[in-house]
Amino acid sequence: MGTDYYVQRNNKNLETIERLLENDLPTFCYDYFLAIDSQTSTLTRLNYAHDLKIFFYFLSEKRFQGKSVKDFTLEDLSQVTSTDIEYFLGFLSHYNYCGKQHNCNDRAKARKLSSVRAMFKYFFNKGFISVDNSAKVATPKIHEKPIIRLDGNEIFSIIDTAESGNGLTRHQLAYHEKNKVRDSAILMLFLGTGIRISELVGLNNDDLNFNDNSFIVTRKGGNKTILYFDDDVASALQRYIEYKDQTIDITGDTNALFISNNQNRITVRAVENLVNKYAKIVSPLKKISPHKLRSTYGTALYKATGDIYIVADVLGHKDVNTTRKHYAAISDDNRRAVAGKVKLKRDDD
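Given the structure is predicted, the values throughout are model-derived calculations rather than measurements. (Residues numbered from 1 in each chain as written. Predicted model: local features only at pLDDT ≥ 70, side-chain atom pairs only at ≥ 80, totals over all residues. Heavy atoms only, no water.)

Can you tell me about the overall build of the chain, naming the residues and giving the values?
Along the backbone of the chain there are 15 helices and five strands. A principal-axis box enclosing the C-alpha atoms of the chain has dimensions of 75 × 70 × 40 Å. Counting all 349 residues of the chain, 42% fall into the buried class. A separation of at least 24 residues holds for 61% of the contacts in the chain among residues at least 6 apart in sequence. Total accessible area on the chain is roughly 19,500 Å²; 49% of this is exposed by carbon and sulfur atoms. The centroid of the 49 positive side-chain charges in the chain is displaced by 5 Å from the centroid of its 43 negative side-chain charges. (Helix = DSSP H or I, 4+ residues; strand = E, 2+ residues; numbered from the N terminus. Buried < 20%, exposed > 50% of the residue type's maximum accessible area, 1.4 Å probe, protein only. Contact = heavy atoms within 4.5 Å. Areas by Shrake-Rupley, 256 points an atom, 1.4 Å probe, with all protein chains shown as cover. Lys, Arg positive; Asp, Glu negative; His and termini not counted. Charge placed at Lys NZ, Arg CZ, Asp CG, Glu CD.)

Below, the structure is given as structure tokens:
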């Protein structure tokens, strides 16, 4: 069925959350995760659990030295000061966990602080702790990075490379003949609709409707939306489906649209690898990921429509301010275009 992939993904997330609660988080965290269950997705809660695991590991090692995380109480939590949390943010810059070195940039620190704040706020609002010291900690300043995207010629080149295999290594060419129709369809769908990688991986055969070139995507939070593609994308998808039906013996999810070399639903990692493979050839100085293809589409759509709200709707952004990043991405083009518009000399000088 169309929702099987998302049901399986959610179940896997729930199993991991349960394992983290059992092994890596204080017992009182069960109440917190139960409280936010109906307000958050399983992926959001999983990220919270991973972030809080590191926070309590830090407290065990640095603040309550020698005390097991499983022995932590709400009384211990009430003793955590804003200075302790600031120390935690510094700790995240370079720390050892499970024998591996980890480094968090300001964006990652801000996300972990957000997870910690949400937990403190819950227990403070419930009256289990007398003060919310996490609210006193400033969020790390995040510097917006320029949006990396493909330009017009690079868009054409990455599609051509996927179809022809030009520039691939001998090892890559060994798989290219088998995968080129699929890979071309994936790239066309990314660049022609701007969907997220999770949305692409979750697509099923019956999500497509070639009568009006539409398809159903499952957005963040599980909401379903109908999007549309043009005839070029439709042709690429139809070629792939025909090829798949004729040559691939699917052993896994038979309704999955995109299939891996193992005859199962393609994974996020496999899609990331194939995008990176072709992008390195056509644009070696840019680190192009599936999300960068999404940014490429968002920028192109804004240039074509000039309507930030249409772009936000198509990309599935809940906040239009997120979409404004695409506007910022073309500001350099705008600045370049107005150069020379103001005349400083008469034409006959």
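Can you tell me about the packing of helix 12 (residues 290–305) against helix 13 (residues 308–315), naming the residues and giving the values?
Contact pair helix 12 / helix 13: the axes reach a minimum separation of 9 Å and the direction vectors enclose 150°. For the pair helix 12 and helix 13, the sense of crossing is right-handed. Contacts from Arg294, Tyr297, Gly298, Leu301, Tyr302 and Thr305 in helix 12 reach Ile308, Val311, Val314 and Leu315 in helix 13. Here the contact of helix 12 with helix 13 is composed, by residue class, of seven nonpolar, two polar and one charged. (Axes fitted to C-alpha atoms, helices over the stretch in contact; angles between N-to-C directions. Left-handed = near helix turned anticlockwise from the far one by under 90°. Nonpolar A, V, L, I, M, F, W, Y, C, P; charged D, E, K, R; others polar.)

Provide a residue-level description of the environment of Phe91, including the pertinent values.
Relative to the helices and strands, Phe91 is located in helix 5 (residues 82–91). The buried category is assigned to Phe91, whose relative accessible area is 12%. Apart from the residues lying within four places of it in its own chain, the contact partners of Phe91 are Tyr57, Phe58 and Lys62.

Nothing here speaks to function; it is geometry throughout.
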